[in-house]
Amino acid sequence: MKRWYLLMSSLMAALALFMALSLFYDSASSEVPAPEGTIEIVLKSIVGQPMDFWDVVDQGIVDAAREFGVNVEVSGPRFEKEINSQIQILDNIIQKNPPLIILAASDYKKLVESVERASLQGIPIITIDSGVDSDIPISFVATNNVDAGVKAGEEMKRLIDEHDRKQIAIVSHIQETATAIERERGVRSALEGENIIGTWFCDVEQDIAYQITLELLKNPDLGGIVALNEVASLGVARAIRESNSKRDVLVVGFDNAVQELSDLEEGIIQATVVQRPYNMGYLSVKAAADYLKGNDIDPLVDTGSVLITKDNMFERQYQELLFPFSGIK
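Residues numbered from 1 in each chain as written. Predicted model: local features only at pLDDT ≥ 70, side-chain atom pairs only at ≥ 80, totals over all residues. Heavy atoms only, no water.

### What to know about the overall build of the protein chain
To keep it simple, the criterion reads: In DSSP terms, a helix is any run of H or I states spanning at least four residues, a strand is any run of E spanning at least two, and both are numbered starting from the N terminus. Each residue gets one of three labels from its accessible area relative to the maximum for its type: buried under 20%, exposed over 50%, partly exposed in between, using a 1.4 Å probe on protein chains only. Note on contacts: a residue pair is in contact if any heavy atoms of the two residues lie within 4.5 Å. Note on areas: these come from Shrake-Rupley sampling with a 1.4 Å probe, and a residue is covered only by the protein chains present in the view.
Looking only at helices and strands, one finds 11 helices and 12 strands in the protein chain. Counting over 329 residues, the protein chain shows a buried share of 56%. Considering only contacts in the protein chain between residues 6 or more positions apart, those separated by 24 or more positions represent 76%. Taken as a whole, the protein chain presents about 14500 Å² of accessible surface, with 50% of it coming from carbon and sulfur.

Here is the structure:
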């Protein structure tokens, strides 16, 4: 009861803060004309794969668009693995010549050609969550994913040191997306010297992550799994739960879907690295509005991450982060 009282108190405080900031920004932005045209936002997926992460990003986008007086249009493929579809969507949007595009790239290299085409047409690009292999974007709003991977790896190293089984597996999401590349780099650097048996990719399909984990659990020496996004974490946790393996195989995941937090409380997941998706959506639209008004913007905005465990998940300082009414920080 005490925990939920603290939670409700935090949510009410966050709502009050959000309303106060809304009034402030409404007042401040009313002095500058709103940019003309519609800012186009291309996400990794919008309808096919339900993810709490992208729902919260979208809420940040909607709130910022209202506060800063800009029109936005959100699009994207059905699933994150549909990279060619995302390229086609982006190319079609470039033909409409929007004032600015915000892009969450599903592939680090394959989206570069389209980004270059947009630049040649004079369309500025802001990347969000996952970048591209190019210096063209005027700003990148995202988690420092190497740093986030280090947090996950260091926690797994701490856990596995006290565990009988020593082998560690990594279950990732999309092989060539920047978030997967950088998080794995961080995890492996933190686990240097430990026995990492390999990396498996679920293509952002929970069922594939589940099946991968069931196969991995046949290994009697497996002691830990690091899962690198929300969907991978949910699939791994489901396999651990259904096979009653939580005492044999330790799990460190990513993100904070409602089911993940339940798994954390039950000890199926030992820790999760939580990002700030609301801030990604909000701050990317704020940067777009500022740029179109002629203001300077930061080329890199690190929205941060934090390691959440069963022991600290109900601490007051993390309540706004774990539940999607966090507002801006």
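What follows continues from the structure just given.
### Considerations on the nonpolar core
Short version of the rule: Side-chain atoms within 4.5 Å link the members of a nonpolar core, which is a set of buried Ala, Val, Leu, Ile, Met, Phe, Trp, Tyr and Cys residues.
Ranked by size, the top nonpolar core spans 31 residues in total, and within it I39, I41, W54, I102, I126 and V285 carry the most contacts. Secondary structure elements with two or more residues in this core: β1 (38-42), α2 (52-68), β4 (125-128) and α10 (277-292). Here this core takes eight residues from α2, the largest share from any one element. Beyond its immediate stretch of four places on either side in the chain, I102 contacts I39, E40, I41, V42, I126, I128, S284, V285 and A288. Counting 29 residues, the second largest nonpolar core, distinct from the first, contains V171, L217, I269 and L321.

### Thoughts on the pattern of salt bridges
Oppositely charged side chains are able to pair whenever their charged atoms sit close together. Defined as follows: Salt bridge, as used here: a side-chain nitrogen of Lys or Arg that lies within 4 Å of a carboxyl oxygen of Asp or Glu.
Per the stated rule, a full pass over the model turns up 17 salt bridges. The residue K157 makes a salt bridge to E194 at a minimum N-O spacing of 2.9 Å. One end of the pair, K157, is in helix α5 (residues 145-161); the other, E194, is in the loop between α6 (178-190) and β7 (195-201), with 37 residues separating them in the sequence. Judged by its relative accessible area of 28%, K157 falls in the partly exposed class. Relative accessible area serves as the criterion here: at 22%, E194 is assigned to the partly exposed category. K286 is paired through a salt bridge with D290; the nearest N and O atoms lie 3.1 Å apart. Taken together, the positions of K286 and D290, both in helix α10 and four residues apart, correspond to about one turn of that helix. Among the residues examined, K286 registers a relative accessible area of 22% and is labelled partly exposed.

### Structural notes on the sheet that holds strand β10 (residues 271-274)
Threshold: Following DSSP output, two strands are said to pair if at least two bridges run between them. As a rule, the C-alpha atoms of each element are fitted with a line to give its axis, helices using only the stretch in contact, and angles between N-to-C directions run from 0 to 180 degrees.
Taken in spatial order, the six strands line up as β7-β6-β8-β9-β10-β12 in an open sheet, and their pairing is mixed. In the strand order of this sheet, the two ends are held by β7 and β12 (306-309), each with one partner. Each neighbouring strand pair of the sheet contributes to a mean axis angle of 20°, computed without reference to strand direction. The strands that helix α8 (residues 230-242) touches are β6 (167-172), β8 (222-227) and β9 (250-254); relative to β9, the one it contacts most, it runs at about 155°.

### Side note on the packing of aromatic side chains
Going by this rule: Any pair of Phe, Tyr and Trp rings, taking the six-membered ring for Trp, is counted once the centres come within 6.5 Å. Such a pair is stacked with planes under 30 degrees apart, edge-to-face with planes over 60 apart, and tilted for the rest. Criterion for a charge above a ring: Lys NZ or Arg CZ within 6 Å of the ring centre, and within 35 degrees of the ring normal.
For the structure shown, the criterion picks out three aromatic pairs. Look at F53 and W54: their rings are 5.0 Å apart centre to centre, the planes differ by 85°, and that puts the pair in the edge-to-face class. Pair check on accessibility: F53 and W54 agree, each one buried. Centroid distance Y278 to Y282: 6.0 Å. Interplanar angle 20°. Geometry classified as stacked. One end of the pair, Y278, and the other, Y282, are both in helix α10, four residues apart, so they sit about a helical turn from each other. Here Y278 falls in the buried class, since its relative accessible area comes to 5%. An aromatic cluster of three or more residues is present, and its members are F68, Y278 and Y282. For the cation-ring pair, K81 lies above F79, with the distance from its terminal atom to the ring centre recorded as 6.0 Å.

### Some thoughts on helix α4 (residues 112-120)
Each α-helix turn comprises 3.6 residues. Residues three or four places apart therefore point the same way. For clarity, the threshold we go by: To be clear, the arc concerns the directions from the helix axis to the C-beta atoms.
For α4, the complete set of buried residues consists of V112, S114, V115 and A118. End-on, the buried residues of α4 take up no more than an arc of 165°, which puts them together on one face. Those residues of α4 that are exposed and angled more than 90 degrees off the buried face are E113 and L120. Contact partners of the buried residues in α4: α3 (83-95), β3 (101-103) and β4. Looking one or two residues past α4, G122 carries a phi angle of roughly 85°, positive in sign.

### Some points on the confidence of the model for the protein chain
Stated formally: Scored between 0 and 100, pLDDT is the confidence that the predictor attaches to each residue.
Averaged over all residues, the pLDDT of the protein chain is 89; the fraction at 70 or higher stands at 87%. Predicted confidence for residues 4-8 stays below pLDDT 50, and this span has four contacts to residues more than four positions away or in other chains.

### Here's the deal with the pairing of β6
Note the following rule: Convention used here: a crossover is right-handed provided that the path from the first strand, over the helix, to the second strand proceeds clockwise when the strands point away from the viewer.
β6 sits mainly inside the fold: six of its six residues count as buried. Side chains Q167, A169 and V171 of β6 all project onto a buried face; the interleaved residues I168, I170 and S172 project onto the opposite face, where all are buried too. Two strands pair when backbone bridges link them, and β6 and β7 are joined in this way by six bridges, in the parallel orientation. By the bridge assignment for β7, V171 is matched with W200. Following the backbone out of β6, through α6 and into the adjacent parallel β7, one traces a crossover that is right-handed. The sheet contact formed by β6 and β8 spans five bridges and is parallel. Across the sheet, the residue bridging to Q167 is L222, located in β8.

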